[in-house]
Amino acid sequence: MPKSLKPIILLLTLALPLAVRAEGDDETWNNVIKTQYFPGKTISETDPLIELEAPYRAEDPAIVPLKVSAKIPQTPQKYIKKIWMFVDKNPLPFIGEFEFFPQSGKADLALRVRVNTYSNIRAIAETNDGQYSMVKKFVKASGGCSAPVGADLDEAMKRQGKVKFRIDNSFKTGEPLQTQLMISHPNLTGMQMDQMTRYIRKSNFIDHISVKFNDKPVLNADIDIAISADPNFRFYFVPDRPGELSAEFSDKSCESPVKREACTPGKHYTERYAVAP
Amino acid sequence: MKILLSCLAIILCHCAWALEPLPVNPIAPGVYLHQAEQHWPDRGNHGEIANIGFIVGERCIAVIDSGGSPQQGLALRLAIKNITGKPVCYVINTHVHPDHIYGNLAFKDSGAQYVGHYKLPRAMAARGEFYINRADELLALHLTPEHIIPPGLVVKDSMTLNLGGREILLTAHGSAHTDNDLSVYDKQTDTLWLADLFFREHIPVIDGSLKGWLTELDKLENRHYHWVIPGHGKPTQDWPAALQPQKRYLQLLASQIRTLLQQGKTLEQAVAEVGQSEKPNWALFDEFHRKNVTQAYAELEWED
Ligand SMILES: [Zn+2]
């Protein structure tokens, strides 16, 4: 192409309206996520074992509430073993890999995530007998002045490490009970414009959580920066007798906001909560 | 191809010829305001939706917010040239939001100093890349990192700038609309340029701290000003009365969310229930209210 034409072509691309995007295309899923996380697996989208709730329009891309609900109860014979979640179009699509147990009672999970743009969000469930099923929802992360970063970083830093369990104490012994785990942590995505403003670019986020009731596992989570600042989860466990709910978690720092090759483990935290009907 | 090129020539020349000076009005002697309409930023308006303007000293000009697009920055610069012919010595960014900073590049070669809250550079670093990546899709703007110009001069508490026979006082506020809000006070005309610390007609947008904002409002309504300029909506001489709708809205969010938190209600329930009675009072309620509730809930749930 003649050299002089290049800027004109560039401008032409800019002047034209954006190519209309198919609402919620599966390109990233088909080409990247599926091959990376589920090579060789058959994943059914008909009659999935889970449902996914997500707002169609996410007014605050920094805090998008999602909820996965299981359509089957957790029994020792048949239960949902794992749920993976992804935001296809995020720079780093992986939200997390969540492990459930029969003593989870219900493999339900509500959480808050960052959504950078218009994207499909998906959850994939694996049962203990090796069946995979998937649900997805299209979410439009709002424009406006919002950004998928914490609004008040210093405030988040100040209370970093603070943890809360919230439980409705009027429960019935032996039945699944919902609890909320709140962890104050800025969950930094890392910054890429440091050359200009000299700010550190490392990401720093909660990478693992393990929740137990009376030392039996209830929920394990491997997570990444798609989780909103101040990670917040609602899930179930079965208080078969009075006891102690515990959460152990850790954070880590990675050199790049989107690559995970060079990371340093951070701190470990523990929180305990006495449960008595 | 020939036809295509001539079409392009028209488009290109249109860009060059279309630069009209930005309409501005002197609301007080030497205080010029471009008052925007209440719109959601989109590909049609290119995010040119905020009140922006400038203050004229004997020696030079202070720009207050450069505009929502590079083009609007250029139009503002042309307006300044036509009206005063004086050099721009300061480009003040009142906070990190796109509608207030995307015109920055227009003043780069004017020798002006860029001024902002001391937390503004960090906010630009944290959000800049995301903003740039979505500028085309959302605003039909082609932006690069060079459009996001961080302040060379930062304000930690307050700072006085002299424009030649005219002093303006800059105040760095605690976390409120954002965590990097800066206000500008012109002593000569007793004008307080609050930018997005103050919304009129346009629903207030929380992107910093609800509690912090209410604290700042308590301080701001303590005294009278001749003129107060909001970031969105009409300037007012009726202070602090004109602030009350915003204060009422923010207080309502705080009290209703605290009640729901005590009842053990979730974020999703709060988003569905809180503050709906305020809908008739604000433009762009549907666009911003649920975001406000989300941010406020995530803040207030950490109260003991
Ligand atoms: Zn703003």
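Residues numbered from 1 in each chain as written. Chains lettered and ligands numbered in written order. Predicted model: local features only at pLDDT ≥ 70, side-chain atom pairs only at ≥ 80, totals over all residues. Heavy atoms only, no water.

Enquirer: How do you make sense of the overall build of chain B when you look at a structure like this?
Expert: Along the backbone of chain B there are 8 helices and 12 strands. The globule rule puts the C-alpha radius of gyration for 304 residues at 19 Å, and the 20 Å found for chain B is close to it. At a minimum sequence separation of 6, the contacts of chain B that also span at least 24 residues come to 68%. As displayed, chain B offers around 11,600 Å² of accessible surface, 54% of which is attributable to carbon and sulfur atoms. (Helix = DSSP H or I, 4+ residues; strand = E, 2+ residues; numbered from the N terminus. Rg over C-alpha atoms; globule rule 2.2 N^0.38 Å. Contact = heavy atoms within 4.5 Å. Areas by Shrake-Rupley, 256 points an atom, 1.4 Å probe, with all protein chains shown as cover.)

Enquirer: Help me out: how do you make sense of the nonpolar core in this one?
Expert: Most often, soluble globular proteins keep nonpolar side chains buried together rather than apart. In this structure, A:Met85, A:Ile95, A:Phe98, A:Leu111 and A:Ile209 are the most contacted members of the largest nonpolar core, which totals 52 residues. Residues within four places of A:Ile209 in sequence aside, it is in contact with A:Leu181, A:Ile183, A:Leu219, A:Asn220, A:Ala221, A:Ile223, A:Phe233, A:Glu248 and A:Phe249. With 43 residues, the next largest nonpolar core counts B:Trp239, B:Tyr249, B:Ala298 and B:Leu300 among its residues. (Core = buried A, V, L, I, M, F, W, Y, C linked by side-chain atoms within 4.5 Å. Buried < 20%, exposed > 50% of the residue type's maximum accessible area, 1.4 Å probe, protein only.)

Enquirer: Explain the sheet that holds strand E11 (residues 191-199) of chain B here, please?
Expert: In a beta sheet, neighbouring strands pair by backbone hydrogen bonds and run either parallel or antiparallel. Residue and element names in this part refer to chain B. An order of E8-E9-E10-E11-E12 is seen for the 5 strands of this open sheet, with the pairing classed as mixed. Single-partner strands in this sheet number two, and they are strand E8 (158-162) and strand E12 (227-232). Going across the sheet, the axis of each strand differs from the next one's by a mean of 25 degrees, ignoring polarity. Alignment of strand E9 (residues 167-172) against strand E10 (residues 182-186), held across 5 bridges, turns out to be antiparallel. Paired with Leu170 across the two strands is Val184, which belongs to E10. (Pairing = 2+ DSSP bridges. Axes fitted to C-alpha atoms, helices over the stretch in contact; angles between N-to-C directions.)

Enquirer: Mind showing me how you'd approach the coordination of the zinc ion here?
Expert: For a metal bound by four donors in a tetrahedral arrangement, the ideal donor-metal-donor angle is 109.5 degrees, while six donors in an octahedral arrangement ideally sit at 90 or 180 degrees. Residue and element names in this part refer to chain B. At the metal site, the zinc ion is ligated by His95 (NE2), His97 (ND1), His177 (NE2) and Asp196 (OD), and these contacts range over 2.0 to 2.2 Å. Ordering the donors of the zinc ion by residue number gives the pattern H-x1-H-x79-H-x18-D. In this pair, His177 is assigned in the loop between E9 and E10 and Asp196 in strand E11, connecting sequence segments 19 residues apart. (Donors = N, O, S within 2.8 Å, 3.2 Å for Na, K, Ca; no water.)

Enquirer: What am I meant to see in the layout of surface pockets here?
Expert: Unfilled space is identified by rolling a water-sized probe across the atoms. Each pocket or cavity is described by its volume, and for the second largest pocket that value is around 730 Å³. Surrounding the second largest pocket, 43 residues form its lining, A:Gly150, A:Ala151, A:Asp152, A:Leu153 and A:Ala156 being those nearest its centre. Elements supplying a minimum of two residues to the lining of the second largest pocket: helix H3 (153-158) of chain A together with helix H4 (120-139), helix H5 (210-220) and helix H8 (285-300) of chain B. Take the lining of the second largest pocket: its biggest share by element is 4 residues, from H4(B). In the lining of the second largest pocket, the residues fall into 15 nonpolar, 12 polar and 16 charged. (1 Å grid on protein atoms, 1.4 Å probe; cavity = no way out; pocket = protein on both sides within 12 Å on 5 of 7 lines; lining within 4 Å. Points joined across faces, edges and corners; volume = space filled by probe spheres on them. Nonpolar A, V, L, I, M, F, W, Y, C, P; charged D, E, K, R; others polar.)

Enquirer: Honestly, the side chain of A:His185 in this entry has me stumped. Any pointers?
Expert: Residue and element names in this part refer to chain A. Tracing the backbone shows His185 in the loop between strand E11 (177-183) and helix H4 (194-197). We classify His185 as buried; its relative accessible area is 0%. Reaching out from His185, the side chain makes a polar contact with the side chain of Gln160 at a distance of 3.3 Å. Excluding residues that lie within four positions of it along the chain, His185 makes contacts with Gln160, Asn204, Phe205, Ile206, Ala229, Asp230, Pro231, Asp251 and Tyr269. (Polar contact = N/O pair within 3.5 Å; in protein donor to acceptor, adjacent residues only side chain to side chain.)

Enquirer: What am I meant to see in the sheet that holds strand E2 (residues 31-34) of chain B here?
Expert: Residue and element names in this part refer to chain B. Read from one edge of the open sheet, 7 strands run E1-E2-E3-E4-E5-E6-E7, paired in mixed fashion. Each edge of the open sheet carries a strand with a single partner, namely strand E1 (25-28) and strand E7 (153-155). Going from strand to strand, the sheet's axes swing by 25 degrees on average, the running direction of each strand aside. Bridge count for E1 against E2 is 3 bridges, and the pairing is antiparallel. Following the sheet pairing, Ala28 is matched in E2 by Val31. Contacts from helix H2 (residues 70-83) reach E2, strand E3 (52-56), strand E4 (61-64) and strand E5 (88-92), with the element oriented near 30 degrees to E3.

Enquirer: Would you explain the environment of B:Val24 in this entry?
Expert: Residues and elements named next belong to chain B. Along the chain, the position of Val24 falls in the loop between helix H1 (2-17) and E1. Owing to a relative accessible area of 15%, Val24 belongs among the buried residues under this scheme. When neighbours within four sequence positions are excluded, Val24 is seen to be in contact with Tyr32, Leu33, His34, Phe54, Ala79 and Ile83.

Enquirer: Would you explain the packing of aromatic side chains in this entry?
Expert: Each aromatic ring pair is characterised by the separation of its centres together with the angle its planes make. Within this structure, the stated rule accounts for 23 aromatic pairs over all chains. Ring-pair connections join several aromatic residues into one group, and the members of that group are A:Trp29, A:Tyr37, A:Phe38, A:Trp84, A:Phe86, A:Phe94 and A:Tyr132. In this structure, A:Arg57 is placed above the aromatic ring of B:Trp40, and the distance from its NZ or CZ to the ring centre is 5.5 Å. Lying over the aromatic face of B:Tyr118, B:Lys156 brings its terminal NZ or CZ to 4.8 Å of the ring centre. (Phe/Tyr/Trp six-rings, centres within 6.5 Å; stacked < 30°, edge-to-face > 60°. Lys NZ or Arg CZ within 6 Å of the ring centre and 35° of its normal.)

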